[in-house]
Amino acid sequence: MASLILLNYACKQPQEYSHISTTKHWEELESTYKKELIENRDILDSISETKEIKVMRDLFKVSRQNFKSLEPVLSFHDKQVYASLNAPNILKVEEEDATDIKELNPLSFQSLEENIFGENPDLILAQKTAHHMSNKMDALARNANFSHYQTYHVLWMVRNQILRTTTTGITGYDSPALQNSLEDAVSAFAKAEYLINLVLSKHPNESLAKEWENAFTANNNYLKKHSFSSFDRYHYIRNHSDPMLKLWAQTVKELTIHFPLEMAVSNEAEALFSNELLNLDHFAGYRVDTLTQEKIELGKKLFNEKGFSSNGAISCATCHVDKLAFTDGLAKSKDQKRNSPSLTYVAYQNNFFYDKRSGSLEGQIINVVENETEFHTDVSKLLQVVKQNEDYLKSITTLYPDQPLNESTVRRSIADYLRSLNSWDSKWDRNLRGEESSLTSSEINGFNLFMGKAQCATCHFAPVFNGTIPPDFTETEVEHLGTPATIENTNATIDEDLGVYEVYQTESRKHFFKTPSLRNVEITSPYMHNGVYSTLEQVIDFYNRGGGYGIGITDQEYQTLPPDPLDLTKQEQTDLINFLKTLTDQRYESNVDQSIY
């Protein structure tokens, strides 16, 4: 059976699809989807049955290519199953509340890849994993039903794939051992092209069809002619993925496609590094009204209001100083156990605080108000202070006329101010949008290292460079880096802060912390949750050594960083830092040359 499958695929180009002649467009899509699922089921069955490592590896490559062809549709049609099939080879912990905690060992293409191609292949575990995945493919095929799909659904699939490939695919995020990311992208884009052709078969437009054909041809040619290490990701975004996003928006306009709702990514987005890309409503969980200048000014005043604290001595701005990108320059904020995180771009995440104990910006404020080492009061104090200030009272009732006058509306006003701290005008943003051409070769090389060899982008996802995973932006990741208590390059000791563990006391979550955004990182030192590193050079050195493993912290079972050093040269480390400095918002650029710490 295995030999027949390999022979069949040796003579076949699975990424090529026949001309569309049917008028039953979504029926054809469903049929193609089911067929590929059954093919993958059979390949995985063969992996589960063979005991020959070479055959297993050959079959895996075929199955992986097939899976990537399925990706644009599967990741949209069944997000949870797709995520489980593509999960990283680390323990997955789901914590809904203290009574609903799940710990799931990965049974996915990533774990299968490492089981088969790792230094010590585990064939028995590989067989078990393949069998489990085969059953999932079978269930997906039996239950697939696309009868409810409309044109906009299929267009969303295409856009998501453009973003997925750009933000995670070309980084090696889901091909840790083989680094077949570029080959994977070719297979995924073949399906994306098929989807576009389905749309244009249903809504004929010859000029759009030609533009898409040229775009996909140029895109795939560029992917095919480079290796993972030589791939210029800056060039790729500027000349391929961003133009395809723009063409996608053009297609929507010319075909007059109407969307019933907005997803995380705006239906009008035309560029990856733009304030028009992400939809604030998605992250807020409700419709965010226009952030007028008046609302921003009110929220800013409340953010700086010391009267909210029990002793009248501190405000939100005490630990989040504007000129420091809303940090405070201290290793740990006064009377706090952790470093003060930046609040710029804070709106684009699903959880807050380093331990993710809050699920909204408004909820985060409650934690601060009630914390005995911060405001040390209760939320009723917020409304009390507002009612005692005539200007506050007039502004909040005028600007939020549809909201009741209560402490929730006060918290919403502060949260709206925080949602405005996203300027998207850094040197990097301006260059990627073509507004200027000022990036140096070192900065561009630094970005390519960030997205490739240095593996930074496998945790800090573009465009926000935080831990919220594109293109769905529904999960903000946590990581266990092995952060030391003090600066030590050998025999280091893990920092005593248990991080996420403290929320639900899940043993496997000790020392895990939320992945922060790296925007404005140049002016937000010191770094890490405990402020152990004072310079970017020290941070990069830590990662280059292999994180905690590389400095002697080897007793932590659940560390998420690979233990191997990155082997970055001194120049590569400099380039990487130079890139990070391009992420400084324009209003902070003048601060960089001043003594602000």
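Think of each chain on its own: its residues are numbered from 1, step by step along the sequence as written. For a predicted model such as this one, the threshold for reporting local features is a pLDDT of at least 70, and the threshold for listing and counting side-chain atom pairs is 80 or more; totals across whole chains, interfaces and linings nevertheless cover every residue. Values reported for side chains reflect all heavy atoms of the structure, with hydrogen atoms and water molecules removed beforehand.

*Asks:* It is not clear to me how the overall build of the protein chain should be interpreted in this structure. Could you clarify?
*Replies:* Across its full length, the protein chain carries 23 helices and four strands. At 25 Å, the protein chain has a C-alpha radius of gyration in line with the 25 Å of a compact globule built from 597 residues. Each principal axis of the C-alpha distribution contributes one length, and for the protein chain these read about 75 × 60 × 50 Å. Taken across its 597 residues, the protein chain has 56% of its residues classed as buried. Residue contacts are defined here by distance: any two heavy atoms, one from each residue, within 4.5 Å place the two residues in contact. Partitioning the intrachain contacts of the protein chain with sequence separation of at least 6 by distance along the chain shows that 69% fall at a separation of at least 24. We get accessible surface area from the Shrake-Rupley algorithm with a probe of 1.4 Å; when it comes to residues, only the shown protein chains can shield them. In the structure as shown, the protein chain presents an accessible area of about 25,800 Å², 47% of it carried by carbon and sulfur atoms. Lys and Arg are tallied as positive, Asp and Glu as negative. Neither His nor the chain termini are counted. The atom standing in for a charge is NZ when the residue is Lys, CZ when it is Arg, CG when it is Asp and CD when it is Glu. If you average the places of the 58 positive and of the 84 negative side-chain charges in the protein chain, the two averages end up 2 Å apart. Helix and strand definitions here come from DSSP, where helices need a minimum of 4 consecutive H or I residues and strands a minimum of 2 consecutive E residues; each element is numbered from the N-terminal end. Just to be clear, the radius of gyration here is over C-alpha atoms, and the globule rule we use is 2.2 Å times residues to the power 0.38. Only protein chains enter the calculation, and the probe is 1.4 Å; a residue is then buried if its accessible area is under 20% of its type maximum, exposed if over 50%, and partly exposed in between.

*Asks:* Help me out: how do you make sense of the side chain of K514 in this one?
*Replies:* Of note, K514 is situated in strand β4 (residues 513-514). For this document, the term salt bridge refers to a Lys or Arg side-chain nitrogen within 4 Å of an Asp or Glu carboxyl oxygen. As a buried residue without a salt bridge, K514 has its nearest oppositely charged side chain in D355, at a separation of 8.2 Å. Identification of polar contacts relies on pairs of N or O atoms within 3.5 Å, with a donor-acceptor requirement for protein atoms, meaning one able to donate a hydrogen and the other able to accept it, and with residues adjacent in sequence counted only if both atoms are side-chain atoms. Of note is the side chain of K514, whose polar atom sits 2.5 Å from the side chain of Q349. Look past the residues within four positions of K514 in its chain and what remains in contact with it is Q349, N351, F352, F353, Y354, K356, T476, E477 and V478.

*Asks:* Can you walk me through the nonpolar core in this structure?
*Replies:* Proteins that are soluble and globular tend to have nonpolar side chains buried together. Membership of the largest hydrophobic core comes to 124 residues, with the highest contact counts inside it found for W212, W428, F450 and F465. Once you skip the residues sitting within four places of it in the chain, W428 turns out to touch Y234, F273, L439, F447, F465, F579, T582 and L583. Only buried Ala, Val, Leu, Ile, Met, Phe, Trp, Tyr and Cys residues count toward a nonpolar core, and they belong to the same one when joined by side-chain atoms within 4.5 Å. F308, F326, I365 and I414 belong to the second-largest nonpolar core, a separate cluster that totals 33 residues.

*Asks:* What's the story with the layout of surface pockets in this structure? I'm lost.
*Replies:* Left-over empty space is what a probe sized like a water molecule reveals as it rolls over the atoms. Method remark: on a 1 Å grid restricted to protein atoms, a set of points is classed as a cavity if a 1.4 Å probe fits but cannot get out and as a pocket if it is open with protein on both sides within 12 Å along at least five of seven lines; lining residues have an atom within 4 Å of a point. Grid points are joined across faces, edges and corners, and a volume is the space filled by probe spheres set on the points. There is about 930 Å³ of room inside the second largest pocket. Every residue lining the second largest pocket is counted, 38 residues in all, and those nearest its centre are C319, Q336, V368, N371 and E374. For the lining of the second largest pocket, the elements supplying multiple residues, two or more each, are α13 (316-319), α14 (361-370) and α17 (407-419). When residues in the lining of the second largest pocket are grouped by element, the largest group, four residues, is from α14. Its residues assigned to classes, the lining of the second largest pocket comprises 14 nonpolar, 14 polar and 10 charged. Classes in brief: Ala, Val, Leu, Ile, Met, Phe, Trp, Tyr, Cys and Pro nonpolar; Asp, Glu, Lys and Arg charged; the others, Gly included, polar.

*Asks:* What exactly am I supposed to notice about the packing of aromatic side chains here?
*Replies:* Any pair of aromatic rings gets described here by the distance separating the centres and the angle formed by the planes. The criterion for an aromatic pair is that two Phe, Tyr or Trp rings (for Trp, the six-membered ring) have centres within 6.5 Å, with stacked assigned to planes under 30 degrees apart, edge-to-face to planes over 60 apart and tilted to the rest. For the structure shown, the criterion picks out 36 aromatic pairs. Taken together, a centroid distance of 4.4 Å and an interplanar angle of 25 degrees make the contact between F67 and F109 stacked. Linking F67 in helix α3 (residues 53-77) with F109 in helix α5 (residues 109-117), this pair joins segments that are 42 residues apart in sequence. With relative accessibility at 0%, the residue F67 sits in the buried group.

*Asks:* Could you clarify how one ought to interpret the packing of α3 against helix α6 (residues 123-143) in this entry?
*Replies:* Helix axes use the C-alpha atoms of the stretch in contact, all axes being lines fitted to C-alpha atoms, and the angles between their N-to-C directions lie in the range 0 to 180 degrees. The interhelical angle for the contact between α3 and α6, taken along N-to-C directions, is 30 degrees, at an axis separation of 13 Å. With respect to α6, the element α3 is oriented roughly parallel. In this structure, the crossing between α3 and α6 has a hand that is left-handed. On α6, the residues that touch I53, M56, F67, L70 and L74 of α3 are L123, A126, Q127, M137 and L140. Partitioning the contact of α3 with α6 into residue classes produces nine nonpolar, one polar and no charged. The cut-offs work like this: below 35 degrees is roughly parallel, past 145 is roughly antiparallel, 65 to 115 is roughly perpendicular, and the gaps in between are oblique. Left-handed describes a crossing whose near helix is turned anticlockwise from the far helix through less than a right angle; right-handed describes the clockwise counterpart.

*Asks:* Hey, could you run me through the environment of L182 in this one?
*Replies:* Summarising the element assignment, L182 is placed in helix α8 (residues 181-202). Setting aside anything within four residues of it in sequence, one finds L182 in contact with I170, L223, H226, S227, F228 and F231.

*Asks:* Just checking my understanding: could you explain α14 for this structure?
*Replies:* Note that an α-helix has 3.6 residues per turn; residues three or four places apart therefore point the same way. Burial within α14 is extensive, with seven of its 10 residues counted as buried. Of all the residues in α14, the buried ones are L361, E362, G363, Q364, I365, V368 and V369. Contacts made by the buried residues of α14 are with α15 (380-387) and α17.

*Asks:* How should I be thinking about the packing of helix α19 (residues 441-451) against helix α23 (residues 570-581) in this particular structure?
*Replies:* For any two helices packed against each other, the geometry comes down to the angle between their axes and how far apart the axes lie. One way to put it is that α19 packs onto α23 with a least axis distance of 7 Å and a crossing angle of 95 degrees. Comparing their axes, α23 and α19 come out roughly perpendicular. Mapping the contact onto sequence places S442, E443, N445, G446, F447, L449 and F450 in α19 and Q571, E572, T574, D575, L576, N578, F579 and L580 in α23. Of the residues contributing to the contact of α19 with α23, the split by class is six nonpolar, six polar and three charged.

*Asks:* Could you clarify how one ought to interpret the pairing of strand β1 (residues 92-97) in this entry?
*Replies:* The two faces of a sheet get side chains in turn, since along a regular strand they alternate between them. Only strands that DSSP links by at least two bridges are regarded as paired with each other. Here five bridges tie β1 to strand β2 (residues 100-104), and the two strands are oriented antiparallel to one another. Paired with E95 across the two strands is I101, which belongs to β2. With antiparallel pairing between neighbouring strands as the criterion, β1 and β2 make up a hairpin whose turn holds two residues.

*Asks:* What should I look at first to understand the pattern of salt bridges in this one?
*Replies:* Inspection of the entire model under this criterion finds 34 salt bridges. A salt bridge links K68 to E71, with the shortest nitrogen-to-oxygen separation between them at 2.6 Å. Remark: E71 and K68 occur in helix α3; sequence separation between them is three residues, near one turn of the helix. The residues K68 and E71 share a single accessibility class, namely buried. Across the pair D289 and K295 runs a salt bridge, and its minimum N-O distance is 4.0 Å. Sharing partners across several salt bridges, the network here consists of K337, R338, D355, R357, D497 and E502.

*Asks:* Looking at this structure, I do not really get the environment of E374. What am I missing?
*Replies:* Inspection of the secondary structure assignment puts E374 in the loop between α14 and α15. A polar side-chain atom of E374 sits 2.8 Å from a polar atom in the side chain of N371.

*Asks:* Quick question: what am I supposed to make of unusual backbone geometry here?
*Replies:* Most peptide bonds are trans, and most residues other than glycine sit at a negative phi. Here the amide bond leading from A462 into P463 is cis, since omega sits at 5 degrees, within 30 degrees of zero. Checked against the element boundaries, P463 lands in the loop between α19 and β3 (478-479). Looking along the chain, the bond that leaves P470 and enters P471 is cis, with omega of 0 degrees. Relative to the helices and strands, P471 is located in the loop between α19 and β3. Phi is positive for Q179, close to 55 degrees, though the residue is something other than glycine. Within the secondary structure, Q179 sits in the loop between α7 (151-167) and α8.

*Asks:* Help me understand the state of the cysteines in this model?
*Replies:* A covalent bond between the sulfur atoms of two cysteines is what we call a disulfide. Cysteine sulfur atoms are paired as a disulfide whenever they fall within 2.5 Å. Counted by the stated rule, this structure contains zero disulfides. The thiol of C319 is unpaired, and the distance to the nearest cysteine sulfur, on C316, comes to 9.1 Å. In this structure C456 is a free cysteine whose sulfur lies 8.8 Å from that of C459, the closest cysteine sulfur available. Since its relative accessible area comes to 17%, C456 is described here as buried.

Geometric values such as these leave the question of function open.
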